[in-house]
Amino acid sequence: MPWQIITNLEFPSVEILEFLENLEFLDEKSIAKNLANLQRTFIAHNAKTGEYFAARALFCHKSIYYFFDGQEFDGKKFKISKDKNELLKGIKKELDLSALSEYLSFMSAKKSFFKSVFELRAGEYLYYKNGKLKKGVFDSLKGVGILDCDEKNLEFLKSRILATLEKQISLYHSQNPCALLSGGLDSSLLTALFARQSKQKVQAFNLAFLDAPRYDESEFARATADFTGCKLHSVNLTKKDFLDTFYASDFNAEPLADSASIALRFLCEKIASHGHSVAFSAEGADECFLGYDLYFRVLEFYRCDLMQACYPLISKDSEYLRRKALGLSIYGGFCEVFTRYQKELLFADCKDFSIDEPILAYQNNYKELRQMRYMDFRIASEGIVARKISVMSDLVEIKTPFFALAKLALSLENPSPNYKPKELLKSIAKEQGLLSDEIIYRKKKGLSTPFLEWVLKEMDASSEILKANKILGFALFSEVFVRELERKARRGRFKQHLWSLLCFARWLDKHFG
């Protein structure tokens, strides 16, 4: 067979190769049908004809990058890779600032900051032949029907959730996986299910902050490990560790403004040193089971007649109401940072910088909480979560079993006013005897780090950010607004805004300084 898979990613090779042999005879619907249940991301090449075919599964968290603009670099007009650093070898790097608006909104951008370089979106495929490129969608989270979350379906839902998680865990038993254990409900439940299946003592890893006790939750991870019989490796993260990791990381050649990725990178280095190449993470549980308080706060903006004039223009509340008036999706994602008005202040000295509406990429026919879930699933599958996990793959492959429940979660109608977040997971944990009440009913803070407190002690953040203007040769960022952001950040507000700008400025200096 002339077609060969040129990535080392797992997938059903015989079926895929048979599909590729008949590719020239298939229309878009047939291609989508053949790929509908794809669980792996892959790139294939036909050396005889020069054809390439690639497909990116929804929640595989494996990125695919390609170069294409009709001009040659490194002797080729088209190049494709799962590693952006590898893709960029031989290319003359040209900055594309049109990705900046999306990055500021969501802490990462699907669009590349390099001209003529692109990233395949989750659920998409591409087909390159004779200098022409065709793309299509084979898997989408749109059009999922509604399943009533009433008493008659409750037992079905719980059994489906349990069976799906157990199946996902069982897929990787042969790879000596470990567990990422924060001590919250989600990671504790996943670890407990893993421990119940495993014939060996499960190795669990937790981040501790001994120098910043208000961020440290290792005692809860210890409680889960003791209850489930796991061996806990508690890894302490210091200010020096965090800053050293931050300065050393390249985020696969694109800026990434998630501070948790710095902590996760440090933890993955320790996990790899213990001989593990696979780790289970509870990412996705908050999206599936409404674990973010923000969902219910934004719900008020959908359901209530609120006045925009009652909120400061710089607030997200004002932005929500602006979108509502324009008929846009109100919710901007769990990781939304800069609003449109905040961007206008940031680019006040650069009048010709174009500010788009990144949220338009997530428009759909869902309502309220289903729309919020949909948007976060899309961001998770192709944005910040995918990139955070993808850039760890050189150390540890992070598996996310909860994302296998995405379509089931989207099928659930908006819950009743008395709904308690994650009550389905709590019920499973309780009925199955998987966790103690202390863990099941505790309030989880989520992985947070004193990232900006540490950074602000070490540097003049505003000056670091404003170096970008010197590198670019024009005033992209308003000095007045940047310095005001730092003043607010030092008082505990707009910390993520300052961090996003700092990460971008550092990336820009590294690649174009």
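As shown above, the structure is provided for reference.
Cut-offs applied
- Residues numbered from 1 in each chain as written.
- Predicted model: local features only at pLDDT ≥ 70, side-chain atom pairs only at ≥ 80, totals over all residues.
- Heavy atoms only, no water.
- Helix = DSSP H or I, 4+ residues; strand = E, 2+ residues; numbered from the N terminus.
- Rg over C-alpha atoms; globule rule 2.2 N^0.38 Å.
- Contact = heavy atoms within 4.5 Å.
- Areas by Shrake-Rupley, 256 points an atom, 1.4 Å probe, with all protein chains shown as cover.
- Pairing = 2+ DSSP bridges.
- Axes fitted to C-alpha atoms, helices over the stretch in contact; angles between N-to-C directions.
- Right-handed = clockwise from strand over helix to strand, strands pointing away.
- Phe/Tyr/Trp six-rings, centres within 6.5 Å; stacked < 30°, edge-to-face > 60°.
- Buried < 20%, exposed > 50% of the residue type's maximum accessible area, 1.4 Å probe, protein only.
- Lys NZ or Arg CZ within 6 Å of the ring centre and 35° of its normal.
- Salt bridge = Lys/Arg side-chain N within 4 Å of Asp/Glu carboxyl O.
- Parallel < 35°, antiparallel > 145°, perpendicular 65-115°, else oblique.
- Left-handed = near helix turned anticlockwise from the far one by under 90°.
- Nonpolar A, V, L, I, M, F, W, Y, C, P; charged D, E, K, R; others polar.
- Polar contact = N/O pair within 3.5 Å; in protein donor to acceptor, adjacent residues only side chain to side chain.
- Expected span 1.5 Å × (residues − 1).

Draft legend 1. Structural context of the overall build of the protein chain. Regarding its fold elements, the protein chain presents 22 helices and 13 strands. Radius of gyration (C-alpha) of the protein chain: 23 Å, near the 24 Å computed for a compact globule of 513 residues. The principal-axis extents of the C-alpha atoms in the protein chain amount to approximately 65 × 60 × 50 Å. Within the protein chain, contacts between residues separated by at least 24 positions form 73% of all contacts whose residues are at least 6 apart in sequence. Of the roughly 22,400 Å² of accessible surface on the protein chain, a fraction of 49% belongs to carbon and sulfur atoms.

Draft legend 2. Here's a closer look at the sheet that holds strand S1 (residues 3–5). Spatially, five strands are ordered S1-S2-S3-S7-S8 in an open sheet, and the strand pairing comes out antiparallel. Unpaired on one side and paired on the other, S1 and strand S8 (132–137) mark the two borders of the sheet. Between one strand and the next, the sheet's axes are offset by a mean angle of 15°, whatever the strand orientation. Relative to strand S3 (residues 51–55), strand S2 (residues 42–46) is paired through five bridges, and the arrangement is antiparallel.

Draft legend 3. Geometry of the pairing of strand S11 (residues 231–236). The sheet contact formed by strand S10 (residues 203–208) and S11 spans six bridges and is parallel. Bridging across to S11, Gln-203 finds its partner in Lys-231. Between S10 and its parallel partner S11, the chain crosses via helix H7 (residues 218–228), and the hand of that crossover is right-handed.

Draft legend 4. Inspection of the packing of aromatic side chains at higher detail. Within the structure shown, the criterion is met by 40 aromatic pairs. Seen in terms of ring centroids, Phe-289 and Phe-402 are 6.4 Å apart; in terms of plane orientation they differ by 80°. Their pairing is edge-to-face. With Phe-289 in the loop between helix H10 (285–288) and helix H11 (293–303) and Phe-402 in the loop between strand S13 (397–399) and helix H16 (406–410), this residue pair connects regions lying 113 residues apart in the sequence. A residue is classified by how much of its surface remains accessible, and Phe-289, at 4% relative accessible area, is buried. By the ring-pair criterion, three or more aromatic residues cluster together here, those being Tyr-103, Phe-113, Phe-114, Phe-347, Phe-353, Phe-477, Phe-504, Trp-507 and Phe-512. Sitting above the plane of the Phe-220 ring, Arg-442 keeps its charged end 3.7 Å from the centroid. Directly above the aromatic system of Phe-246 lies the positively charged group of Arg-506, at a separation of 4.9 Å from the ring centroid.

Draft legend 5. Representation of the pattern of salt bridges within the structure. If you walk through the whole model with that rule in mind, you get 36 salt bridges. In this structure, Lys-158 engages Glu-155 in a salt bridge whose closest nitrogen and oxygen atoms are separated by 3.2 Å. Placement of the pair is Lys-158 and Glu-155 together in helix H5 (residues 151–170), with a separation of three residues, close to one helical turn. Across the salt bridge formed by Glu-484 and Lys-488, the nearest N and O atoms sit 3.4 Å from each other.

Draft legend 6. Up close: the packing of helix H21 (residues 479–490) against helix H22 (residues 495–512). Put simply, H21 and H22 touch, their axes get as near as 8 Å, and they point 130° apart. What the angle tells us is that H21 and H22 run oblique. As H21 packs across H22, the resulting crossing turns out to be left-handed. Seen from H21, the contacting residues are Val-482, Leu-485, Glu-486 and Ala-489; seen from H22, they are Lys-495, His-497, Leu-498 and Leu-501. Class assignment for the residues of the contact of H21 with H22 results in five nonpolar, one polar and two charged.

Draft legend 7. Up close: unusual backbone geometry. If you check the backbone angles, Met-107 has positive phi at about 75° while not being a glycine. The topology assignment puts Met-107 in the loop between helix H4 (100–106) and strand S6 (117–119). Taking the relative accessible area as the measure of exposure, Met-107 reaches 8% and is therefore buried.

Draft legend 8. Spotlight on the side chain of Asp-96. Structurally, Asp-96 can be placed in the loop between helix H3 (84–88) and H4. Of note is the side chain of Asp-96, whose polar atom sits 3.4 Å from the side chain of Lys-111. For Asp-96, the residues in contact, after removing those within four places along its chain, are Lys-111, Ser-112, Phe-113, Phe-114 and Lys-115.

Draft legend 9. Inspection of H22 at higher detail. The first and last C-alpha atoms of H22 sit 26 Å apart over 18 residues, in line with the 26 Å expected at 1.5 Å per residue. Counting buried residues along H22, 13 of its 18 residues qualify, which places the element largely inside the surrounding structure.

By themselves, these are just geometric observations and shouldn't be taken as functional.
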